[in-house]
Amino acid sequence: MTTRSSLTIVLAAGEGTRMRSSLPKVLHPVAGRPLLAHVLAAAPQGAGDRIAVVIGPDHQAVADEVKRVRPDAEIFVQRERLGTAHAVLAAKDAIAKGADDLLIAFGDTPLISAATFARLRAPLSQGASLVVLGFRAADPTGYGRLVVEGDQLAAIREQADASAEELTIKLCNAGVMAVDGKIALDVLGQVGNANKKGEYYLTDAVGLVRARHLTASVIETDEDEVRGINTKAQLAEAEAVMQNRLRQAAMTAGVTLISPETIHLAADTTFGRDVTIEPFVVIGPGVSIGDGAMVHSFSHIVETSLGSKTSVGPYARLRPGTSLGDGAKIGNFVETKAAQIDAGAKVNHLTYIGDAHIGAGANIGAGTITCNYDGFNKHKTEIGAGAFVGSNSSLVAPVKIGAGAYIGSGSVITKPVPDDALAVERNVQSMREGWAKRFREAKARAKKPKPE
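About the criteria used
Residues numbered from 1 in each chain as written. Predicted model: local features only at pLDDT ≥ 70, side-chain atom pairs only at ≥ 80, totals over all residues. Heavy atoms only, no water. Pairing = 2+ DSSP bridges. Helix = DSSP H or I, 4+ residues; strand = E, 2+ residues; numbered from the N terminus. Expected span 1.5 Å × (residues − 1). Contact = heavy atoms within 4.5 Å. Buried < 20%, exposed > 50% of the residue type's maximum accessible area, 1.4 Å probe, protein only. Axes fitted to C-alpha atoms, helices over the stretch in contact; angles between N-to-C directions. Left-handed = near helix turned anticlockwise from the far one by under 90°. Nonpolar A, V, L, I, M, F, W, Y, C, P; charged D, E, K, R; others polar. Phe/Tyr/Trp six-rings, centres within 6.5 Å; stacked < 30°, edge-to-face > 60°. Lys NZ or Arg CZ within 6 Å of the ring centre and 35° of its normal.

Peer 1: Sorry, what's going on with the pairing of strand β9 (residues 152–157) here?
Peer 2: Two faces belong to every sheet, and in a regular strand the side chains alternate between them. As judged from the five bridges shared by strand β8 (residues 145–149) and β9, these two strands associate in the antiparallel manner. Paired with V147 across the strands is A155, a residue of β9. A loop of two residues connects β8 with β9, the two strands running antiparallel in sequence, and G150 in this loop sits at a positive phi of about 65°.

Peer 1: Can you help me understand helix α8 (residues 232–252) in this one?
Peer 2: What sets the pattern is the α-helix's 3.6 residues per turn: residues three or four places apart point alike. Taking 1.5 Å of rise per residue, 21 residues should cover 30 Å, and α8 covers 30 Å from first to last C-alpha, within 8% of that figure. Elements that come into contact with the buried residues of α8 comprise β2 (29–30), α1 (35–42), β12 (256–257) and β13 (270–271). Within two residues after α8, G254 carries a phi angle of roughly 105°, on the positive side.

Peer 1: Just to check I follow, could you spell out the side chain of T8 for this structure?
Peer 2: Mapped onto the fold, T8 is located in strand β1 (residues 6–12). Once residues lying within four places of it in the same chain are set aside, the contact partners of T8 are A43, P44, R50, I51, A52 and L103.

Peer 1: What is the right way to read the pairing of strand β10 (residues 171–180) from this model?
Peer 2: Across the ten residues of β10, ten count as buried, placing the element largely inside the fold. The pairing of strand β6 (residues 101–106) with β10 spans four bridges and is classified as antiparallel. Directly across from L103, in β10, lies its bridge partner A178. Bridge count between strand β7 (residues 130–136) and β10: six bridges; the pairing is antiparallel. Each residue of the ladder has a partner; that of F135, found in β10, is C172.

Peer 1: What is the right way to look at the packing of α1 against helix α2 (residues 60–69) in this model?
Peer 2: Packed helix pairs are characterised by how far apart their axes lie and by the angle those axes make with each other. Taken N-terminus to C-terminus, the directions of α1 and α2 make an angle of 35°; their axes are 10 Å apart at the nearest point. Two packed elements cross with a definite hand, and for α1 against α2 that hand is right-handed. Within the contact between the two elements, α1 uses L36, A37 and L40 and α2 uses V62, E65, V66, R68 and V69. For the contact of α1 with α2, the residue count by class is six nonpolar, no polar and two charged.

Peer 1: Mind showing me how you'd approach the packing of aromatic side chains here?
Peer 2: Two numbers describe a pair of aromatic rings. These are the distance of the centres and the angle of the planes. All told, the structure shown has five aromatic pairs when counted by the stated rule. Seen in terms of ring centroids, F298 and Y315 are 4.9 Å apart; in terms of plane orientation they differ by 10°. Their pairing is stacked. Residue F298 is located in the loop between β17 (294–295) and β18 (300–301), and its partner Y315 is located in the loop between β20 (311–312) and β21 (317–318); the two are separated by 17 residues in the primary sequence. With relative accessibility at 42%, the residue F298 sits in the partly exposed group. Cluster of aromatic residues (ring-pair linked, three or more members): F280, F298, Y315 and F333. Lying over the aromatic face of Y373, K378 brings its terminal NZ or CZ to 5.8 Å of the ring centre.

Below, the structure written as structure tokens:
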């Protein structure tokens with residue numbers, strides 16, 4: 001842990017015209033999270049750490065995302081696009097406030113990690129004045145080459161300006177940089193635009209630092225981590241890398257992924273112990289999965305909480321606002337939305353449950369529908385603990401089905417159905433017996449000797 005203060009400037013002003021999209025480039029998602037959000041999450045955040053984001057004009061959506069992820073961020077607008085150094089100086093006021101370390105990153109590199117930012121800062125604490133992040137490119141064509149003399153960075157040479165010998169260098173510039181905060185504003189202010197495009201390039205800072213007889217260094221990372229996104233094809237490549245990372249992390253934490261390459265995870269997915277995910281499952285943002293849960297094949301889950309020992313699918317769709325209590329079961333071809341389904345409840349087949357609360361131990365028969373929308377407004381259905389709803393029933397909201405109530409198959413319910421206290425007692429007792437039986441069976445399996 002460092003006690004040095006930092007300012008991270010994230011450059012996010014690009015239009016991303018090659019994305020062929022009306023959505024700003026940095027808002028395109030990888031693993032359910034915008035590119036920019038990944039970078040903001042990885043940047044240093046703690047006591048003494050500040051962040052500034054440079055955006056383009058009329059990019060309010062980008063500003064809103066910055067504030068959602070990092071409410072502490074300062075936002076600056078680059079009104080003219082005159083190069084990377086010019087973009088950094090759009091945040092001149094933030095730099096002038098002072099920091100030990102100035103970090104410069106890009107909003108379209110979602111695979112960069114917090115650990116790499118920490119490694120980038122380390123040489124500054126040991127006396128370096130500038131540190132550049134480099135990588136060994138499989139194909140260095142088009143990248144600036146890092147010319148190293150001994151253990152110091154001598155220059156960053158763009159391909160068009162490189163000699164034949166320099167073109168053989170495979171150590172390339174990732175663009176990410178750290179600068180000693182005491183000299184940052186002065187050095188950046190001296191970057192000129194004497195080039196064909198008349199732009200101010202951040203890479204020129206290396207020469208300016210060396211001209212002062214100060215130290216410029218390089219740290220290396222793998223090529224995947226610094227992938228920049230400029231096209232939809234590159235977006236897909238970054239998604240593949242991120243998915244592999246997420247799958248590996250899940251399996252390392254003890255999650256069983258039956259066929260990992262077929263499972264899609266989100267960056268914020270959380271798992272309990274002994275979770276099993278079958279092939280061809282899509283898990284979107286905002287999903288937490290409790291201990292011992294099972295998600296069967298071809299299920300799609302977004303913004304949902306799964307309790308312990310829940311079972312979902314196959315072919316289930318859980319939409320935002322779904323919550324399953326411990327031991328609840330969602331079966332095949334079931335769709336839920338804004339639904340609280342309490343412990344032990346079962347919704348097994350061909351059913352839609354929306355804007356509803358299903359009580360503990362209730363059983364919802366095949367083909368049941370909560371008719372929650374009247375063409376103008378959404379209404380809620382409440383089904384009490386231990387209730388039994390027969391197959392092919394339509395529950396026209398707003399409506400309440402009492403605890404322990406029994407609904408015959410093919411019913412259309414438009415009025416409240418009262419409680420059946422005796423049925424509740426029977427169903428609760430049955431549920432207790434079922435849980436006790438499963439506990440005994442699990443205990444017996446644990447004691448059974450394993451084959452040699």
